[in-house]
Amino acid sequence: MKVLVPVKRVIDYNVKARVKADGSGVDLANVKMSMNPFDEISVEQAVRMKEAGTATEVIIASIGPAAAQETIRTALAMGGDRGILVKTDQTVEPLAVAKILKAITEQEGADIVILGKQAIDDDSNQTGQMLAALLGRSQATFASEVKIDGDKAEVTREVDGGLQTIRVQLPTVITVDLRLNEPRYASLPNIMKARKKPIDEKTPEDFGVDITPRLKVLKTTEPPTRAAGVKVESVQELVAKLRNEAGVI
Amino acid sequence: MGTLVVADHDNTNLSDATAKVVSAAKQLGGDVHILVAGQNCGSVADASAKLDGVTKVLLADDAIYSARLAENVAELVVGLMGDYDAVLSSATTMSKNFMPRVAALMDVAQISEIVKVEAPDTFVRPIYAGNAMQTVQSSDAKKVITVRTTTFQAVGQGGSAAVEKIAAAKDPGLSEYVGDRLSESARPQLTSAKIIISGGRGMQSGDNFKLVEAVADKLKAAVGASRAAVDAGYAANDMQVGQTGKVVAPELYIAVGISGAIQHLAGMKDSKVIVAINKDEEAPIFQVSDYGLVADLFKALPELEAELTKLGL
Ligand SMILES: Cc1cc2nc3c(=O)[nH]c(=O)nc-3n(C[C@H](O)[C@H](O)[C@H](O)COP(=O)(O)OP(=O)(O)OC[C@H]3O[C@@H](n4cnc5c(N)ncnc54)[C@H](O)[C@@H]3O)c2cc1C
Ligand SMILES: Cc1cc2nc3c(=O)[nH]c(=O)nc-3n(C[C@H](O)[C@H](O)[C@H](O)COP(=O)(O)OP(=O)(O)OC[C@H]3O[C@@H](n4cnc5c(N)ncnc54)[C@H](O)[C@@H]3O)c2cc1C
């Protein structure tokens, strides 16, 4: 079966985002960008399925600016077979991303789509669920374990109270959580090989998707900052301060 | 027309989160109704009916909602949305699962994890792990919104809304519930606790979390963890505090053996008072702490427990 893995280019997780002084957004100029860490976990899952013989092909897709090509290359170096870049310099909200991914899923006949549970820039946590809805498919979100069994998948999910296991009908859409696997590092030979793997270039118009945003960003501001407090010398002093000064115990 | 709030519950108890979502819903103006979808969940409907400002409770009691599978709940909610301008739910794993599905089926953008209502179409939400706050205005006719409950006060419980039973929607038959492994704990829940003490990689083992638990018991606190502690198997996944775990804002948050990565801070920096215990005086966690103690946690935690005992706790 074919697996589609959408990957997003985002600010590197080690970088602290800074708000632009004019409130127009977050400053991404000269900031290190990387693949959304959850998407590395999705790619790893797909590649393992291919290695296990469950998947026949792993297709990587990204929607974003020309530089998102690098993110696709990274995924190809991890073991993806080929890429699709849907190029746009506009803002693409999760609903529009999901509509484009729906078109790709149908065109490619992908049986399973594996996405990250959330992108660490917008923190929306929506795209996979929206895609499943648009395709009329089952969904298995926040996965920490995935077992494919005939025309069903048994997925264990990280939920607020602990873990939940569900069985979903294939074809399906899966979103991954942190504990599903530890993504591999691409080896140098594989990075070289990935340069030769094909990447198709498309535009949102090619799929007939209107990406006009539904949300207008009025402003972006800094959150209130916390001032560092004091250092205490001992546990006794700490407890005294919590009781008498802060009044919280 | 008004707002539909989808209740978060376990078929027996209504989550504290829902009373906070109602408070956000009231700010949109118009009637506030609550939908309780579950099985044998009459007690949840009764608790919902008591929330101040709620004028009606819709109860869909059916086996297909027993585990609140996303496909099933989304189908039900979408069918009701002809009567409402907006649907709100808490930013818990239950709602994060079905709400985007509702949004996509209605062809509207979901607005995730709002922390403030500026106007019925304008909301503030954190992005980039809370390092930026975005004010967004929605052009969709109907709104689908998840609410970060740490910033909204729960409404009171003086209400007495009518409970109306409604029929189940059709069963999409796409998924089935297999089982749960829920963490059992007599301690308060992370998202509603007044005091939280969390351990990080510095704890070195799951067994050492006993030191944290001993202090938690004195303070009637919930126990949390960093991602590193969860990944290493010292703590359960549902204990993870942070950008991609639970967001908490207790009166007191005590971070023990946690360095203070961006992703961890995103989940706890709105706590009223923050205490850090770390042996590295340069640890970034001290930059957000009201009280910092540079110490070896293996010495500090037993001392803390003893000191609290002296206070009669
Ligand atoms: C040039 C550019 C500028 C932008 N500027 C803004 C802005 O200022 N404000 C704003 O709110 N949004 C902006 N966006 C849109 C935004 O970055 C996201 O693409 C969109 O909002 C999805 O939200 P999310 O990533 O939080 O979704 P989530 O639902 O959290 O993402 C979950 C998963 O969906 C998949 N996914 C999401 N997006 C993509 C993608 N583009 N390609 C492939 N897979 C994807 C990934 O697997 C990801 O792990 C911009 C986009 C572009 C291309
Ligand atoms: C996509 C993504 C999502 C993430 N989401 C989250 C999230 O939701 N929540 C989260 O917490 N992290 C998250 N992280 C991980 C985050 O980046 C950090 O790696 C993690 O928070 C580190 O955990 P830690 O502070 O326990 O460990 P470390 O950074 O290793 O810090 C351990 C600390 O313990 C101290 N210490 C060691 N021994 C002792 C001792 N004996 N006494 C006192 N102090 C001691 C050390 O000085 C050090 O400061 C995420 C990362 C990614 C990439």
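As shown above, the structure is provided for reference.
Criteria and thresholds
Residues numbered from 1 in each chain as written. Chains lettered and ligands numbered in written order. Predicted model: local features only at pLDDT ≥ 70, side-chain atom pairs only at ≥ 80, totals over all residues. Heavy atoms only, no water. Contact = heavy atoms within 4.5 Å. Buried area = accessible area lost by both parts, 1.4 Å probe. Salt bridge = Lys/Arg side-chain N within 4 Å of Asp/Glu carboxyl O. Polar contact = N/O pair within 3.5 Å; in protein donor to acceptor, adjacent residues only side chain to side chain. Nonpolar A, V, L, I, M, F, W, Y, C, P; charged D, E, K, R; others polar. Pairing = 2+ DSSP bridges. Helix = DSSP H or I, 4+ residues; strand = E, 2+ residues; numbered from the N terminus. Buried < 20%, exposed > 50% of the residue type's maximum accessible area, 1.4 Å probe, protein only. 1 Å grid on protein atoms, 1.4 Å probe; cavity = no way out; pocket = protein on both sides within 12 Å on 5 of 7 lines; lining within 4 Å. Points joined across faces, edges and corners; volume = space filled by probe spheres on them.

Student: Explain the interface of chain A and chain B to me, please; I cannot follow it from the model alone.
Tutor: When the parts of a complex come together, some accessible area is lost, and that lost area is often used as the size of the interface. Taken residue by residue, the interface counts 81 residues in chain A and 85 residues in chain B. When chain A packs against chain B, close to 7,100 Å² is buried across both sides, 53% of that on carbon and sulfur atoms. Summed over the three residues of chain A that lose the most area to chain B, namely A:Asp160, A:Arg214 and A:Arg226, the buried surface amounts to 11% of that side. Applying the counting criterion to the chain A and chain B interface returns six salt bridges. Residues B:Asp140 and A:Arg214 are paired through a salt bridge, measuring 2.8 Å at the closest nitrogen-oxygen approach. Across the contact surface, chain A and chain B share 47 residue pairs in polar contact (both at pLDDT 80 or more). For the side of chain A that touches chain B, the residue count by class is 36 nonpolar, 21 polar and 24 charged. Taken together, the six bridges between strand S12 (residues 215–221) of chain A and strand S8 (residues 132–138) of chain B define a ladder with antiparallel strand orientation. Considered in S8(B), the bridge of A:Lys216 is made with B:Gln137.

Student: What am I meant to see in the pairing of strand S15 (residues 273–278) of chain B here?
Tutor: The two faces of the sheet receive side chains in turn, since in a regular strand these alternate between them. Residues and elements named next belong to chain B. The element S15 is extensively covered by neighbouring structure, given that six of its six residues are classed as buried. Relative to S15, strand S14 (residues 252–256) is paired through five bridges, and the arrangement is parallel. Each bridged residue has a counterpart across the sheet, and for Tyr253 the counterpart in S15 is Ile274.

Student: Teacher, can you tell me more about empty space enclosed by the protein here?
Tutor: If a probe as big as a water molecule is rolled over the atoms, it shows which places are left empty. The tally for this structure, following the rule as stated, stands at one cavity of 30 Å³ or more. The computed volume of the largest cavity comes to approximately 90 Å³. Forming the boundary of the largest cavity are 13 residues, of which A:Ile11, A:Val15, A:Ile120, B:Ala129 and B:Ile262 lie nearest the centre.

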